[in-house]
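Take a look at the letters that make up each chain.
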Amino acid sequence: MDGIHDMGGMHGFGPIEREENEPLFHHPWESRVLAISVATPVPIPGGSRNNIENMDPAHYLSSSYYEKWLYSRIKGLIDAGVLTPEEMETRMALFKNNPNAETPVHPAPDAVRAELVRSRPATPPQQKTDIQPQFSNGDRVRSRNIHPEGHTRLPRYVRGKYGTVTNYYGIYNLQDAELPTGCTNRQQPLYAVRFEASELWGSAAETKSAVYLDMWESYLEPV
Amino acid sequence: MNTTAQTDTALRTRALESLLIEKGLITEDIIDEVVEKYEKDVGPLNGARVVARAWTDPDYKRRLLEDGRAAIAELGFDSAHGAKIVVIENTPDVHHLVVCTLCSCYPWSVLGLPPNWYKSYAYRSRAVREPRAVLLEFDLNLPDTVEIRVWDSNSDLRYMVLPERPAGTEDYTEEQLISLVTRDSMIGVAKIESPSK
């Protein structure tokens, strides 16, 4: 979707602020959100990134990284039917009124652990198929100018631009919510494509620079 | 974020955690384990070990550039979610820089959790459009003769930069080299200073 998250090339965000001796987490809750997100064995319907990209733009901009994760995780668990908004409200009220309320201890941690292992197999996302890549290194290509409303990994700044294939990575599942027109298979060749800065930014381009972007085959047109 | 919002977020997190524990979907131990893993085991030291090995072992470097994930796994660092890691080598003529404009993808297994600036809207928006200006803010002034390649990690692949080995380290042991390698040099916003300077 052409959302606020698609930030490549935007103006107005100011200088890059760095924090000296930055701690790993700025608040204790951030580490809990990280761990819950990494370890909860419930897939988020539509994907976590999709939830974050669909946040109201003002909410997106004013939320920190882990706040976005928390929002996405809660929405995902509600969408998956695991949680209800009422349960969350009730539990928050309980802790608010009684900060010392005990956190429940689940009686069968081994079962939880087994479920975790079962639901999160460590298989690489790369697929083994007999699909042959249409493009070779050195081929000139043009990025399709598409504007899907759902999740896509094709950033705005590159759409319609010409580039050159530099790497072929293998067959990967396209992560877009919808398959682009004319495309029937999610399993697609994935390439790195080089775009010259001048192609992307015209006269505003800096000297001697280029952007490399991973492109699924359905993002590309032959030139 | 103000204090009230912090309190609310902390409360929301605690409520979520307790409900998930109650529903048998996670345990406090598992949460603690994950947190401890990122606090103690998974950080830029992993990447530094990979870099130092590549500097001292040409065969390893060749394997690393060919198949980053496999070569990193050789040193015992698992690649998060089985992500393929592509290692890109800086040279005197070409400088690489990694960003994720759509979210904040980062090679966790070798660099740990990303710093806030990497996740900032300023870095995400500007790195692809004006990498030289961005690098200047990191006090890295690259001559116009050096080509800059910005890698926008938008798919399931993760990118790590293999920085140049600094001059004056020819006699260094692998352990000494490890201590020179910085996180920022593996993202591509810094070079590694020669220790003699």
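Everything discussed here concerns the structure shown above.
Residues numbered from 1 in each chain as written. Chains lettered and ligands numbered in written order. Predicted model: local features only at pLDDT ≥ 70, side-chain atom pairs only at ≥ 80, totals over all residues. Heavy atoms only, no water.

Asker: Can you break down the packing of helix α1 (residues 28-39) of chain A against helix α2 (residues 28-41) of chain B residue by residue, with the values?
Answerer: Where α1 of chain A meets α2 of chain B, the axes come as close as 9 Å, and the angle between the chain directions of the two elements is 110°. If you check the angle between α1 of chain A and α2 of chain B, you find them roughly perpendicular. Contact residues: S31, R32, L34, A35, I36, V38 and A39 of chain A in α1 of chain A; E28, I30, I31, D32, V34, V35 and Y38 of chain B in α2 of chain B. Partitioning the contact of α1 of chain A with α2 of chain B into residue classes produces ten nonpolar, one polar and three charged. (Axes fitted to C-alpha atoms, helices over the stretch in contact; angles between N-to-C directions. Helix = DSSP H or I, 4+ residues; strand = E, 2+ residues; numbered from the N terminus. Parallel < 35°, antiparallel > 145°, perpendicular 65-115°, else oblique. Contact = heavy atoms within 4.5 Å. Nonpolar A, V, L, I, M, F, W, Y, C, P; charged D, E, K, R; others polar.)

Asker: Explain unusual backbone geometry to me, and be specific about the residues and the numbers.
Answerer: Of note in the backbone geometry, K208 of chain A takes a positive phi value of approximately 45° without being a glycine. With respect to the element layout, K208 of chain A can be found in the loop between α7 (197-201) and β5 (209-216). For K208 of chain A, a relative accessible area of 44% gives the class partly exposed. Despite not being glycine, D139 of chain B shows a phi value in the positive range, around 60°. Positionally, D139 of chain B belongs in the loop between α9 (131-137) and β3 (147-152). Given the relative accessible area of 69%, D139 of chain B is considered exposed. (Buried < 20%, exposed > 50% of the residue type's maximum accessible area, 1.4 Å probe, protein only.)

Asker: Pulling in residues and values, what's your account of the nonpolar core?
Answerer: Y169 of chain A together with L16 and Y123 of chain B are the most contacted members of the largest nonpolar core, which totals 120 residues. Sequence-distant contacts of Y123 of chain B, defined by excluding residues within four places in its chain, comprise I16 of chain A together with L97, V98, V99, W117, Y118, V134, I187 and V189 of chain B. (Core = buried A, V, L, I, M, F, W, Y, C linked by side-chain atoms within 4.5 Å.)

Asker: Explain helix α4 (residues 65-79) of chain A to me, using residue names and the numbers behind them.
Answerer: Compared with the 21 Å implied by 1.5 Å per residue over 15 residues, the 21 Å span of α4 of chain A between its first and last C-alpha is a close match. Among the 15 residues that make up α4 of chain A, eleven are buried, leaving the element largely enclosed by the rest of the structure. (Expected span 1.5 Å × (residues − 1).)

Asker: Would you mind going over the interface of chain A and chain B in detail, with residue names and values included?
Answerer: Taken residue by residue, the interface counts 92 residues in chain A and 80 residues in chain B. Taken together, chain A and chain B are joined by six salt bridges. When the shortest N-O distance is used, the salt bridge between R194 of chain A and E147 of chain B registers 2.7 Å. At the surface where chain A touches chain B, the tally comes to 43 residue pairs in polar contact (both at pLDDT 80 or more). In the side of chain A that touches chain B, the residues fall into 50 nonpolar, 21 polar and 21 charged. Relative to β3 of chain B, β5 of chain A runs parallel, the two sharing five bridges. Across the sheet, Y212 of chain A pairs through a bridge with W151 of chain B, a residue of β3 of chain B. (Salt bridge = Lys/Arg side-chain N within 4 Å of Asp/Glu carboxyl O. Polar contact = N/O pair within 3.5 Å; in protein donor to acceptor, adjacent residues only side chain to side chain. Pairing = 2+ DSSP bridges.)

Structural measurements only, silent on function.
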